[in-house]
Amino acid sequence: MLLGERTLVMGILNVTPDSFAGGAGAALDSALAHGLRLFEDGADWVDVGGESTRPGASQVAAAEEISRVVPVVEALRRHGAGPVSVDTTKAAVAAAALDAGADMVNDVSGFGYDPAMATLVAARGVPAVLMHLRGSFPEIHRAPAYHDVMAEVVAELGSALARAERAGVPRELTLVDPGLGFSKDAAHSLETLRRLGELDALARPVVVGPSRKSFIGRVLDLPVERRLLGTAAAVASAVVLGAHVVRVHDVREMLEVVRVCDAIRGPAAERAA
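Residues numbered from 1 in each chain as written. Predicted model: local features only at pLDDT ≥ 70, side-chain atom pairs only at ≥ 80, totals over all residues. Heavy atoms only, no water.

Draft legend 1. How the structure looks around the overall build of the protein chain. For the protein chain, the helix and strand inventory stands at 10 helices and 8 strands. Taken over C-alpha atoms, the radius of gyration comes to 17 Å for the protein chain, in line with the 19 Å a tight globule of 273 residues would show. On the principal axes, the C-alpha backbone points of the protein chain span a range of 40 × 40 × 40 Å. Expressed as a percentage of its 273 residues, the buried residues of the protein chain come to 54%. Across the protein chain, the fraction of contacts at a sequence separation of at least 24, relative to all contacts at a separation of at least 6, is 68%. Counting only carbon and sulfur atoms, one obtains 54% of the accessible surface of the protein chain, whose full area is about 11400 Å². In the protein chain, 27 positive and 34 negative side-chain charges are present, and the distance between their average locations comes to 2 Å. (Helix = DSSP H or I, 4+ residues; strand = E, 2+ residues; numbered from the N terminus. Rg over C-alpha atoms; globule rule 2.2 N^0.38 Å. Buried < 20%, exposed > 50% of the residue type's maximum accessible area, 1.4 Å probe, protein only. Contact = heavy atoms within 4.5 Å. Areas by Shrake-Rupley, 256 points an atom, 1.4 Å probe, with all protein chains shown as cover. Lys, Arg positive; Asp, Glu negative; His and termini not counted. Charge placed at Lys NZ, Arg CZ, Asp CG, Glu CD.)

Here's what the structure looks like:
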């Protein structure tokens, strides 16, 4: 799995009973089958999460989150699945998942919620995705306000990268995610996507997760289960605007979108020339 040669597709495997967009649920057999299907559909890696971040969701204790995530990671490993990341803000959960065979960490708080997370990632020497959001867990979706949304996202992700480096995380092991739908209303998310190229200032690979998000629902006035085509449009925009990785629920369909967009953009070497 090499970043830059083509856009990578990260499949979402939610093992929670209350994910905003559905998912595998908490049953191990269902979660394993769903995860393997994501790989069969073409996912470059699968992101396993045991805590919902949908509006109104309650925080989950670390022990509960571990009980949801670790058996799934272990089962995927037993079945020879591809790379796996753990989607968590808690160092204890990340450590347990890495011990179970996970390859990387996806922290929506950008190492902001748990001071031990950056230290853990540094000690384990694994890649990490640092996402942008603001506020504590209950405040993620409350009345976001910006003077210049993308300038502030870039600056705050820069601070997250600096925090990671101070803890000993090599910069080359980090990716950044502007956090569409997190601490952003629909207009903020659309502007963030429109100005995605400004993240080039951070000189890190960019992950974009537009899948089934509320900003798509706001534009189309459609419920979450009818946002496939809107997601395809957002994924296409992300790829054309420079995303290195897209994080999606519908891997098979979005892989086709990504392949066509990559073909339109042309070979990476030509784009860099």
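Draft legend 2. The environment of V84, seen in detail. By the element assignment, V84 lies in strand β3 (residues 84-87). By relative accessible area, V84 is classed as buried at 0%.

Draft legend 3. The arrangement of the nonpolar core in detail. One finds V48, V105, F111 and V246 to be the most contacted residues of the largest nonpolar core, which totals 72 residues. Those residues in contact with V105, other than ones at most four positions away along the chain, are V86, A94, L98, M117, V121, V126, P127, A128 and V129. Core analysis: the second largest hydrophobic core is formed by 8 residues, L8, V129, L175 and V207 among them. (Core = buried A, V, L, I, M, F, W, Y, C linked by side-chain atoms within 4.5 Å.)

Draft legend 4. Up close: the packing of helix α8 (residues 228-240) against helix α9 (residues 251-265). Packing of α8 against α9 brings their axes to within 9 Å, and their N-to-C directions diverge by 30°. Comparing their axes, α9 and α8 come out roughly parallel. Between α8 and α9 lies a crossing of right-handed hand. Here L228, T231, A232, V235, A236, V239 and V240 of α8 lie close against α9, whose contacting residues are E253, M254, V257, V258, C261, D262 and R265. (Axes fitted to C-alpha atoms, helices over the stretch in contact; angles between N-to-C directions. Parallel < 35°, antiparallel > 145°, perpendicular 65-115°, else oblique. Left-handed = near helix turned anticlockwise from the far one by under 90°.)

Draft legend 5. Region of the structure containing α8. In this model α8 runs 18 Å from its N-terminal to its C-terminal C-alpha over 13 residues, within 8% of the 18 Å that 1.5 Å per residue would give. Three or more residues of α8 are buried, namely G230, T231, A232, A234, V235, A238 and V239. At the exit of α8 stands G242, carrying a positive phi of roughly 115°. (Expected span 1.5 Å × (residues − 1).)

Draft legend 6. Main features of the environment of R194. Assignment of secondary structure puts R194 in helix α6 (residues 186-194). Sequence separation between R194 and M150 is 44 residues; the distance between their C-alpha atoms is 9.4 Å.

Draft legend 7. Structural context of the sheet that holds β3. Overall, parallel pairing links the 8 strands, which are arranged β6-β5-β4-β3-β2-β1-β8-β7 in an open sheet. Taken across any chain shown, the strands that pair with only one partner, and hence form the sheet edges, are β6 (174-177) and β7 (207-208). Sheet topology note: the strand β4 (residues 104-107)/strand β5 (residues 128-131) ladder contains 3 bridges and is parallel. Note that in β5 the partner of V105 across the bridge is A128. α9 contacts β1 (8-14) and β8 (245-248) of the sheet and is inclined by roughly 160° relative to β1. (Pairing = 2+ DSSP bridges.)

Draft legend 8. Up close: the side chain of D250. With respect to the element layout, D250 can be found in the loop between β8 and α9. For D250, a relative accessible area of 16% gives the class buried. Apart from residues lying up to four places away in sequence, D250 is in contact with R212 and L228.

Draft legend 9. Molecular detail of unusual backbone geometry. A positive phi is found at A203, a non-glycine position, where the angle reads about 55°. Structurally, A203 can be placed in the loop between α6 and β7. A relative accessible area of 55% places A203 in the exposed class. The phi torsion at R212 lies on the positive side, around 60°, for a residue other than glycine. When you line up the elements, R212 lands in the loop between β7 and α7 (214-220). A relative accessible area of 18% means that R212 is categorised as buried.

Draft legend 10. Structural view of the environment of P115. Relative to the helices and strands, P115 resides in helix α4 (residues 115-124). Residue classification places P115 among the exposed positions, given a relative accessible area of 73%. Between the C-alpha atoms of P115 and D99, which are 16 residues apart in sequence, the distance is 20 Å.

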